[in-house]
Structures are given as structure tokens and as C-alpha cells.
Amino acid sequence: MMNKILLFLVVPLTVVGLFIFVKAVSADEIDYEVLYGNSLNGIEFESNTYIEIEEKEKVVYDEVIPESFTFVAEDSDIELYLEEETLAIAVRVKANGYVYSSYNFNDSFGGDSEAITNPIKSGVSIGLYKESTPIAQSYLGERSVYEEGIYAGDERVASSRIRYNSTGFIAEVDFSHPELMIKFDVHVSIIDGNLVVDIPRDSVEEYNPNIWRSDEQFFILRNIVLFPYFGSTVSEADGYVFVPDGSGALISLESDPEIKASFDLQVYGEDSGYLSPTFGRRAITVKPVSRVTMPVYGMVHDVGNTGFFVISESGANYAEIKFKSTGLINDYYSTYFSYKYRESYEQYQSRANEDQYRISFQENPNEYDLSQRYIFLSGDEADYVGMAKTYQSYLIDNGLLGDTRRINYDETPTKVDFIGSEITTGILSTKAQTVTKYEEITETLTNMKEDGYKNIITSLKTYNMSEDSYRFDIIRKLGGSKEFGKMISFFDENNIKFSYYSDYTRNYEVYSRSHAQTLSKREIYYIELSWMFISHYATSPSYYEQFAKDDYKDFDKYGVEAISLAGLDRAVFTHYDDEVVYSNQNMEEIFKTLKYFEEKEITTNLYLPDAYLYKYVNEYYDTPISSTDFSFTMASIPFLQLVIGGYVDMYSPYLNFVSDETVSLLRLVEYGVFPSYVLTGGSAYDLKKTNSSNVYISEYDVLSRRISDYYEFINDGLTSSIGSEMIDHSFIGEGIVLVEYDTGIKIIINYNDFDVTVGSVEVSASGYEVIS
């Protein structure tokens, strides 16, 4: 049947100007009543305070779904309802009776205009670009869509044909207005107690015959949003939003937040293929936003009772997580995925003057199937730990996590990266600066062994002049093949795990066919803020597998059994290579590369890997131990560690230089992350004019006391977590955290500057206690 539906057209702005204040959120600023549902006793936190947490009372909800919603399907876990006019949905969770809907149907929206209510009620939204002429092109978002006389309730804009089936429905959505003519199918299904929403790529169609004609006005698809107000709420006394910012962050759902904010977090980072190659138009932030490595978010309405968790199963590489707090555009907190189908870019008119350009658009929408899954949480699972374990189960069930690779060390391992040679500038071109010789590496590690470090993990980073990148090389100035062989033998004899540092993404050659190009057909490059602003180019991932094959020949010859790959966090981008290459195609190239190493039995350790690579991660390097700490977040949490910490050993960013030693070390213990350092054989002065000029202390002789003090402080806590999985994490009071492992080990961490007593356990100020 054909129905008029209420659909909202989201219109993007050319530039989004948003200043977000960043601060370090200390544990004593966390709202513990929100985290634990008003279940805390003993909230006077002074020296020797006794802390007790009560069990949260379970609630059964009795909510009525309006008659405008039609029952569609059910299984043993949930019921699905549809409001055909708006394409809004409602889901009843049978475990507790709670109802989540894509808008608050108890809100009468009295006095609100359609401009406010339509985007809230609409189940489907699209963003558009408008192109009027081939020269003066502009974004539709520069003008209000309502000024154009197009509004969501207008029959001329959109319609849908609903087809029901045993598990849900398919909505054939058609924005049929003569200037739009965009259609696609939305599949909504109940699968194993979850709600799965799909848009097959082959259903997305722009059928306007006037598209791209310079003498006609038309609109083109930019992005699609599904159920943006699903689970939205004005406030929840015992609720919060989870976003995968860094290690993970929580945002409270208070009724009148001190800071009202909205932000966009790009899953897997910014797409470099759309960026302007001009340095002057690139933003440089004082503190960069932590990378989003997991395509998930969640919301808890009542801690310990009800919440939901959303996974972007397909299309995550083109997804943004959007959050908006109450009091900005309307009264609702909302969090959702927005999926990009087309982007604009600068098309240059002159090779000599980059200021001469026009805004162009991708000719065809991005090629991917969109799929996102809603998982509903009840009882004890309705918190951020439940979300993490739910995601872990999802990864395991779908073969995305692999078997456990943790090693049962007898005490805390220490990771050390050595810089063998580094890029610097010569008179006419770049050159390699000798930094650490092979024999200096063995001497340093011998000293560390003598100083009592039993378990050492190490890697070697060298700049390969012939490849103009960080790749395997036997360098004569470092000692040649003979000394390299002695170093490998030393590692074997002393049971030191060694891997060769490589970065297949970065390339410093002035021109190479391997360089990836933006859609404007300019090479993708990055500015590295070293002393001389060295720039490097991004290599097309289609070359990675050949790099792996070339490196394997050397690895096999010289006895190297593992590789530490950096740069894959910058490899998910759209680029031009005779035709548009979509970022999901690049992801497939990365898969092929890691699969090749797996087949050749070369262990792959990855720096800051994205979730789609987890099954290939042997050891996780550069592990985030915090979120960005936006001023409006409630707490940083070890969500990442709860998901995969029981499967891979995780190592910290370099601890050579940390601004707050005590907090950083306590965070390692809290998160179960092992320490990591970068060292050189000689003085850090050797790095002064290189690409590692930001490493200003690197000699072991200088750092040995600091490394020893750090080790002595964290060893008991981290040794207790070796080979085990974190199964619970709790903020039990101001500045007090309880971590539990599957072995029965519990660790209480006290961030306060005074002693506390938890039960019968005394925990010193800025310290921790392991309870076995």
C-alpha cells in the first residue's frame, strides 16, 4: 500500500564551527549516583571512609504504545511496532516491558512548528547537496530547506510502500519531489532478539533525469540517517550515553547540563580523500580528539534495568557518531549514526594557484551496504560493562575477535621500541640519520636484563632510503648484516620477543605511482609537526600486499618472525585511481595484507588498530588509556579493554614523558595496560632535526631510574592481571575504582590524596590494593 510518510530532509552546512572545551576529568567529578542508580551508601568520602554499594532494585515497566503504531513482528525477546505515516518504530523489551521508540510519543509537541517536530518524528532523514550551476555551486545547507517550500509533511516530497514479512518490514522510501527523485529500501527485521536495519546499496537510486544538467536545479544525496531520535530522552536520573571516544566515555543525561554540546565523531577517523591538500585550510588542534576505533554507541535509561547498544555492522567506514545534548536544537538528548554517501571536494582550476578552485561532488554515491544492529540490555547487563561484553560476544560470534593470544608472563612485561635510523632533511633532499646501532640495542637490553626486567618486548624502527618509508632494511651504518644477525641471535637466546616496525601508509618520495590521490586528483599528504614540518604521502593500500611479500623475503632470510604495523589507522580513506576507490575497498586490501602474513606465520602486532582488524591483532600497541576528556563527559572508561583485553596483551603509549605520572600509572593498573617506551642508543640530540624530534628523552642511562620507579609501582597490579580478562569495572566512590578479573582477582584503585578503607581493605592515597 502507498502511504504519505513524514520524512525530514537534513541539510548540511558548508563549515561546522564548533568550539569544544577540553579538560581532564578527575574521578571526584563523576556523578556516581548516575553510574549506580542512586545505590551508593557512605557518600561522605573522607579518610578511612567505609564504602558499600547496594543492589539496584529491578523494575518492570508497563508502557502503552499508541494506536497509531501497528504491531509488526516479535520473537521471544522483543516486539516491533511501526507508525506508517512517519516510519517511526517502537520496540518493547519483553524482559522488563520497557519501550524504546524513535520519538517520544508521550510528547504532545504543543506549540512546536513542523520545522521542530518533523525531524524528531521522522524515522528516515536524508542530507542533500544542491547544485545550480557548474561554476557557482553551493551546499543546500547554506539555506533552510523550509525556505525552499519543501517540508516533511508535504505529499510532494516523499512516500513509501510498506511490505510486511514474518520478521519485520521493508519500506520502499521514495523522495519523489521533482527536484529530488531519490529512493532506497529500508529493511527492518528482528534477528535473534536484536533489531537489524539495512539499506542495500543496489536499492539506492537517484533517478532525476536533470541531474548534473547545468540549466536545471536539482539535489543530490549526501547522507542517510535512520531513526536519529531512537531512545532519545529529555533526561534520565540514572542514565547516560556511551561513545567510543578513545578508551570510551560516558555522558550523563541530566536535565539541565552545565555545558550543552553537540559533536560528530568520525568512525575510523577522518577520510583523507576528501580533504583539501592545502596546508592553510587544514585545522591544527591544541589537543587532538581521540580516535574512534569501534563502530558502536549506547544509551542507558536506567542503570541496572534497561539500555540499548548499537553496532554499525556495514558502512562504518562512512559513518559518523552524532551526539546532541538537551537544550540545543530541542529538548532531547540524541545519539545516532549518520552514513555518508557523497562528499564535496575542491576541484582545482590551476596547477599554479590552489586558490583557484570550485566545489565539486562525487558523481556516484559511495558503494556499500548499510546495516546497523540494535541490542537491548536488561537487568545487570544494562550498563557500560554489559555493553562491552555484548560487543565482545558479537565479535566472537561473527569470527571477528579470534582466539585468546595473551601470554602468561610471570611478571609485568615491558615494551621497548628502538629508533635505528630516522628521516631528516639534507641539502637537496631527505636523508637518513643514524641513531641506534644494532650492537647498542643488545647492550641496552643486556643492561635492562641485568636490572631485573625479565620480560622484554622490543621492536626496531628504521627509515629505508631506497623505499622512502619505514620498512625493513639492513643498514651498513648500523652494523650491517653481521651485527643484525648477532642481534637476532641475542633476542632468541634471551627470550626477547622482537618485531620489525613498519609503516606501509607513510611514504616520503617526492613522486610515486603508489601515492594515493584525493578526489581532486592531488596526492594525499600529511603534515608532521616536527621541527621542520616534514610532510609525507599516503600510499594506496593496493600496494600493501606487495610490500608484505617483499618484506617477507627479508624476514625469512634474516629470521624475523613478527612485524609491528603502524599507519593502518590512517589507511581507511576514499581516493582516486583512474576511478573512485571506496574506503571499504581499501579495508579489503588491508585484510589481504594481514591474511598474507598470517599464512606465512608472521605475527602481526598493530598500533591503534580499528575494530575490523581485531582478529589479526597479536599485541595491541598505543592503547588509549583515556577518552578525549571533553568538558561535558562524565567519565573515561576502559570500554576497549573490557572488549578485547582478555584476548590480546595491550601496551601503552610511550611513557618517556607523561604530564601526570601518578594518574597515568594508576590508569595503567586500572585498565590492565602494560608499559611502553621508545629508546635510542645515543643521545636524544641525535633526533633533534629528524622526524622524531618530539622525542626529547630517550637514552636508557637517563631513563633507567624513571623506568625502574614506574615498574616498581605498577608491577603488583599488572602482574595480577596477566593472562586474564577484566569482567567488571566499577566507580565505587569519589576517586575510587574497583576492577574485577575472571581469575577472581580484584584491584581497588584510589585516585584521592588521602587513604580510604573499602570494606576491610585499606588503600593508600594515590595507590591501589590487589585482593586475591
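Everything numeric here is computed off the predicted structure, so don't read it as measured data.

Caption draft 1: Main features of the sheet that holds strand β41 (residues 676-679). One open sheet accounts for eight strands, arranged β40-β38-β37-β34-β30-β29-β26-β41; its pairing is parallel. The strands lining the two open edges of the sheet, one partner per strand, are β40 (649-650) and β41. Judged from the two bridges that link them, strand β38 (residues 619-621) and β40 form a sheet pairing that is parallel. Each residue of the ladder has a partner; that of glutamate 619, found in β40, is aspartate 649. Packed on one face of the sheet, helix α5 (residues 480-493) meets β29 (456-461) and β30 (497-503) and runs near 130 degrees to β30.

Caption draft 2: How the structure looks around the environment of leucine 655. Considering the arrangement of structural elements, one finds leucine 655 in the loop between β40 and α9 (661-671). Leucine 655 gets classed as buried once you look at its relative accessible area, which sits at 3%. The spatial distance from the C-alpha of leucine 655 to the C-alpha of leucine 665 is 9.3 Å, given a sequence separation of 10 residues.

Caption draft 3: View of the sheet that holds strand β42 (residues 726-733). Spatially, the four strands line up as an open sheet ordered β42-β43-β44-β47, and their pairing is antiparallel. The outermost strands of the open sheet, each flanked by one partner alone, are β42 and β47 (767-771). When strand polarity is set aside, the average angle formed by the axes of neighbouring strands in this sheet is 15 degrees. Most of the contacts of α9 go to strand β44 (residues 746-750), to which it runs at about 160 degrees, and overall it touches β42, β43 (736-741), β44 and β47.

Caption draft 4: Representation of helix α4 (residues 438-450). The terminal C-alpha atoms of α4 lie 19 Å apart, and with 13 residues this matches the ideal 18 Å at 1.5 Å per residue to within 8%. For α4, the full list of buried residues reads Tyr438, Ile441, Thr442, Thr444, Leu445 and Met448. Looking straight down α4, one finds its buried side chains confined to an arc of 165 degrees; they lie on one side. Residues of α4 that are buried make contact with β26 (414-419), β29, α5, β41 and α10 (700-719).

Caption draft 5: Summary view of the pairing of strand β20 (residues 306-314). The buried fraction of β20 amounts to seven of the nine residues, a majority that puts the element mostly inside the structure. Two elements, strand β19 (residues 296-302) and β20, share six bridges in a ladder whose sense is antiparallel. Paired with valine 300 across the two strands is glycine 307, which belongs to β20. Linking β19 to β20, which pair antiparallel, is a turn of three residues; within it glycine 304 sits at a positive phi near 85 degrees.

Caption draft 6: Examining the packing of aromatic side chains more closely. A complete count under the given rule lists 59 aromatic pairs for this structure. Centroid distance phenylalanine 69 to phenylalanine 105: 5.5 Å. Interplanar angle 65 degrees. Geometry classified as edge-to-face. Within this pair, whereas phenylalanine 69 is found in the loop between β4 (52-53) and β5 (70-74), its partner phenylalanine 105 is found in the loop between β8 (99-101) and α2 (114-121), the two being separated by 36 residues in sequence. Relative accessible area serves as the criterion here: at 5%, phenylalanine 69 is assigned to the buried category. Grouped by ring-pair contacts, the aromatic residues Tyr438, Phe472, Phe484, Phe490, Phe491, Phe498, Tyr500, Phe555 and Tyr558 constitute a single cluster. The ring centre of phenylalanine 547 lies 4.4 Å from the NZ or CZ of arginine 471, which sits over that ring.

Caption draft 7: Molecular detail of the environment of aspartate 468. Here aspartate 468 is to be found in the loop between β29 and α5. Considered as a pair, aspartate 468 and glutamate 509 are 41 residues apart in the sequence and their alpha carbons are 5.4 Å apart. Sequence-distant contacts of aspartate 468, that is, excluding residues within four places in its chain, are made with Thr430, Tyr463, Arg506, Asn507, Tyr508 and Glu509.

Caption draft 8: Geometry of the pattern of salt bridges. Under the defined criterion, the tally for this structure stands at 33 salt bridges. The salt bridge involving arginine 342 is made with glutamate 206; its shortest N-O contact spans 2.9 Å. Placement of the pair is arginine 342 in the loop between β22 (334-340) and β23 (344-348) and glutamate 206 in strand β14 (residues 205-206), with a sequence separation of 136 residues. Put simply, aspartate 649 and arginine 406 hold a salt bridge, and the shortest N to O gap is 2.8 Å. Here arginine 406 lies in the loop between α3 (384-397) and β26 and aspartate 649 lies in strand β40, a separation of 243 residues in the sequence. Here aspartate 649 matches arginine 406 in class, with each residue buried. It is possible to trace a salt-bridge network through shared partners that takes in Asp503, Arg506, Asp569 and Arg570.

Caption draft 9: How the structure looks around the packing of helix α6 (residues 544-558) against helix α7 (residues 583-599). The geometry of α6 relative to α7 is characterised by a closest axis approach of 8 Å and an angle of 20 degrees between their N-to-C directions. With respect to α7, the axis of α6 lies roughly parallel. The two elements α6 and α7 cross, and the hand of that crossing is right-handed. Packed against α6, whose contacting residues are Tyr544, Glu545, Ala548, Lys549, Tyr552 and Phe555, the element α7 presents Ile590, Lys592, Thr593, Tyr596 and Phe597 at the interface. For the contact of α6 with α7, the per-class residue count stands at seven nonpolar, one polar and three charged.

Caption draft 10: Layout of the nonpolar core. Core analysis: the biggest nonpolar cluster contains 193 residues, and Phe184, Tyr391 and Phe639 have the highest contact counts within it. Non-local contacts of phenylalanine 184, meaning those with residues more than four positions away in its chain, are made with Val124, Ile126, Ala171, Glu172, Val173, Phe175, Ile199, Ser203, Val204 and Ile224. Core analysis: the next-biggest nonpolar cluster, separate from the first, contains 12 residues, Ile65, Phe69, Ala88 and Tyr332 among them.

Caption draft 11: The arrangement of the pairing of β22 in detail. Across the seven residues that make up β22, a large majority, seven, are buried. Residue alternation in β22 divides its side chains into two sets, Ser334, Tyr336, Ser338 and Lys340 and Thr335, Phe337 and Tyr339, and both sets are buried. Pairing of strand β15 (residues 218-226) with β22 involves three bridges; the strand directions are antiparallel. Residue pairing across strands places asparagine 223 opposite lysine 340, the latter belonging to β22. Across six bridges, strand β21 (residues 319-324) lies against β22 in antiparallel orientation.

Caption draft 12: How the structure looks around α9. Burial analysis of α9 places eight of its 11 residues in the buried class, which makes it a mostly covered element. Here α9 has its buried residues at Ser664, Leu665, Leu666, Arg667, Leu668, Val669, Glu670 and Tyr671. In the stretch just after α9, glycine 672 is the one whose phi turns positive, near 70 degrees.

Caption draft 13: How the structure looks around unusual backbone geometry. Although it is not a glycine, tyrosine 268 sits at a positive phi angle of roughly 65 degrees. With respect to the helices and strands, the residue tyrosine 268 is situated in the loop between β18 (262-266) and β19. A positive phi angle, near 65 degrees, is found at lysine 521, a position not held by glycine. Structurally, the position occupied by lysine 521 is in the loop between β31 (506-507) and β32 (525-528).

Caption draft 14: View of the packing of α4 against α5. Interhelical geometry of α4 versus α5 gives an angle of 20 degrees and a closest axis separation of 8 Å. Comparing their axes, α5 and α4 come out roughly parallel. Seen from above, α4 lies across α5 with left-handed handedness. Side by side, α4 and α5 meet where Tyr438, Glu439, Ile441, Thr442, Leu445 and Thr446 of the first sit next to Gly480, Glu483, Phe484, Met487, Phe490 and Phe491 of the second.

Caption draft 15: Seen up close, the confidence of the model for the chain. Looking at the chain as a whole, the pLDDT averages 87, with 86% of positions reaching at least 70. For the stretch residues 36-51, pLDDT sits under 50, and the model shows 47 contacts to residues farther than four places along the chain or on other chains. Here residues 279-283 is a poorly scored stretch, pLDDT under 50, and it has 14 contacts once near neighbours within four places are set aside; other chains count.

Parameters at a glance
- Residues numbered from 1 in each chain as written.
- Predicted model: local features only at pLDDT ≥ 70, side-chain atom pairs only at ≥ 80, totals over all residues.
- Heavy atoms only, no water.
- Pairing = 2+ DSSP bridges.
- Helix = DSSP H or I, 4+ residues; strand = E, 2+ residues; numbered from the N terminus.
- Contact = heavy atoms within 4.5 Å.
- Axes fitted to C-alpha atoms, helices over the stretch in contact; angles between N-to-C directions.
- Buried < 20%, exposed > 50% of the residue type's maximum accessible area, 1.4 Å probe, protein only.
- Expected span 1.5 Å × (residues − 1).
- Arc of directions from axis to C-beta.
- Phe/Tyr/Trp six-rings, centres within 6.5 Å; stacked < 30°, edge-to-face > 60°.
- Lys NZ or Arg CZ within 6 Å of the ring centre and 35° of its normal.
- Salt bridge = Lys/Arg side-chain N within 4 Å of Asp/Glu carboxyl O.
- Parallel < 35°, antiparallel > 145°, perpendicular 65-115°, else oblique.
- Left-handed = near helix turned anticlockwise from the far one by under 90°.
- Nonpolar A, V, L, I, M, F, W, Y, C, P; charged D, E, K, R; others polar.
- Core = buried A, V, L, I, M, F, W, Y, C linked by side-chain atoms within 4.5 Å.
- pLDDT = per-residue confidence, 0-100.

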